[in-house]
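# Working through the structure, step by step
Each chain, written out:
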Amino acid sequence: MRVSRRVSSRALWRDHDFRKLWAGQTASQFGAQSSQVILPLLAVVALHAGAGQLGALRAVQQVPILLFSLFVGVWVDRRRSRTVMVLADFGRAAALAVIPVAYLLGVLSLPVLLAVGFVVGVLSVCFDVGYQASLVRLVDRDRLAQGNSALEGSRSAAQVGGPALGGAMVSLLSAPVSVVVSGLFFVLSALSIRRIRRGEAAPRGVEPSARMGRQIREGLQLVFKDPSLRAVGIASGIFQFSFAALMTVYLVFLPRTLHLSGAAVGLVLAAMGPGALLGSLLAARLPGRFGYGTVMVASAALADGVMLCVPAVHGSSAVTVALLMAVNFVFGVFGQLVDVTVMTVRQAVTPVRIQGRVVATINFVGMGLTPLGSLLGGWLAGQWGLRTGLLVTAAALALSPLFMASSPLARLGKSLPLTVRN
């Protein structure tokens, strides 16, 4: 089937198909992020789970990245990415529907949450690889920064707005009902993506009959041979491991040490949303003005460094909430700058035909350690206390910008690097 001309001359926001991709990806990210908070809160509130059990639940949600990313990358490169996304959305909605049914039947337990969290995690891997490959198949190279700014702005906003929404829904509607609402986001996403009219063909050069192992190896070799892609993977791994540990402690620290209500926790986390939106706007402009390397390193240092303020916070007053919101706002701004800039560089360097495998490889390397990070966060909280555990994990975040400063990423200029030949 002949694929229609890509968007190049007209603004992305005037294009029907890009808007549907953006709307679907936004709804899906809100569903994913809200469920990642609703399930732990359900475990803590309804099942009285401790820090160790909470760490296990978060690890189960994240371990599919380690187990399945490389296989999903090959699968996406062989198929239409939009079909992968739609199936993943409907599957996650069905999996979450198990929880309210189990609650009504009186059989809801931690093993049920672990099973649902694992299934949702597997399908989230499929969707995330799919949407990152889909953008490259939909728009031209000179529109990647603008497209990533929009998509990653939504993702970063959902990383906070989703948890904030999840916390608020648990407080107002009860956890089982909140799970249902979270599942509806996935249904909305699938319906939006299905309305994309522009045809999609698999990238040229993909051999469906080739052995999966050989195709996985091709993606791994490209990432580890190219200096920029290799640096992206390592820096991402350091950050994601430390951030997973920090968030495990953070989600317990706010209600149990600072005694914040569910609504206050949601408000604190929601502050990253406006920051991420501002960061997404800046990400479309600053790299071209100051250089991709400068923006990446400086933004990572500011985003990760500000989290060191959190362990010093005491009390549950309005001042405490305002201070935490300010910290999260700054983290949202500069964290978003890093995300969009890194993704644009990665997409520009990678040939279209292997985008899915490169995304999956970097996710595998970068996020595959997050289950261990979550378990470490739970262990630190149990052994050293919440405040000390939070300080240690926040300090570990600073290792990522330190590595980036010494890597080839820091030397990138104002123009995107050329595509790797392979």
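## Here we look at the side chain of threonine 341
By the secondary structure assignment, threonine 341 is in helix α14 (residues 318-349). On the accessibility criterion, threonine 341 (1% relative accessible area) is buried. Leaving out residues up to four positions away in the same chain, threonine 341 has contacts with Pro287, Tyr292, Val295 and Met296.

## Details of unusual backbone geometry
Positive phi outside glycine occurs at histidine 259, with the angle close to 60 degrees. By secondary structure assignment, the location of histidine 259 is in the loop between α9 (227-256) and α10 (262-270).

## Notes on the packing of aromatic side chains
Evaluation of the coordinates by the stated rule reveals six aromatic pairs. Measuring from ring centre to ring centre gives 6.2 Å for phenylalanine 68 and phenylalanine 118, while their planes differ by 65 degrees; the resulting arrangement is edge-to-face. Here phenylalanine 68, found in helix α2 (residues 51-78), pairs with phenylalanine 118, found in helix α5 (residues 110-138); they are 50 residues apart in sequence, far enough to count as distant. Look at phenylalanine 68 and you get partly exposed, because its relative accessible area is 29%.

## Looking at the nonpolar core
Counting 32 residues, the largest nonpolar core has Tyr250, Leu260, Met307 and Leu324 as its most contacted members. Taken together, the elements giving at least two residues each to this core come down to α9, α10, α13 (292-306), α14 and α17 (386-397). Broken down by element, this core gets its largest block of residues, ten residues, from α9. In this structure, Leu12, Ile65, Phe127 and Val139 belong to the second largest nonpolar core, which totals 30 residues.

## So, the confidence of the model for the protein chain
Averaged over every residue, the pLDDT of the protein chain is 80; the share at 70 or more is 90%. Confidence over residues 1-9 falls short of pLDDT 50; this stretch has 25 contacts with residues more than four positions distant or in other chains.

## Topic: the packing of helix α8 (residues 212-225) against α9
In contact at an axis separation of 5 Å, α8 and α9 are set at 95 degrees when each is read in the N-to-C sense. Relative to α9, the element α8 is oriented roughly perpendicular. Seen from α8, the contacting residues are Leu222, Val223, Phe224 and Lys225; seen from α9, they are Pro227, Leu229 and Arg230. Here the residues of the contact of α8 with α9 are counted per class, giving five nonpolar, no polar and two charged.

Calculation notes
Residues numbered from 1 in each chain as written. Predicted model: local features only at pLDDT ≥ 70, side-chain atom pairs only at ≥ 80, totals over all residues. Heavy atoms only, no water. Helix = DSSP H or I, 4+ residues; strand = E, 2+ residues; numbered from the N terminus. Buried < 20%, exposed > 50% of the residue type's maximum accessible area, 1.4 Å probe, protein only. Contact = heavy atoms within 4.5 Å. Phe/Tyr/Trp six-rings, centres within 6.5 Å; stacked < 30°, edge-to-face > 60°. Core = buried A, V, L, I, M, F, W, Y, C linked by side-chain atoms within 4.5 Å. pLDDT = per-residue confidence, 0-100. Axes fitted to C-alpha atoms, helices over the stretch in contact; angles between N-to-C directions. Parallel < 35°, antiparallel > 145°, perpendicular 65-115°, else oblique. Nonpolar A, V, L, I, M, F, W, Y, C, P; charged D, E, K, R; others polar.

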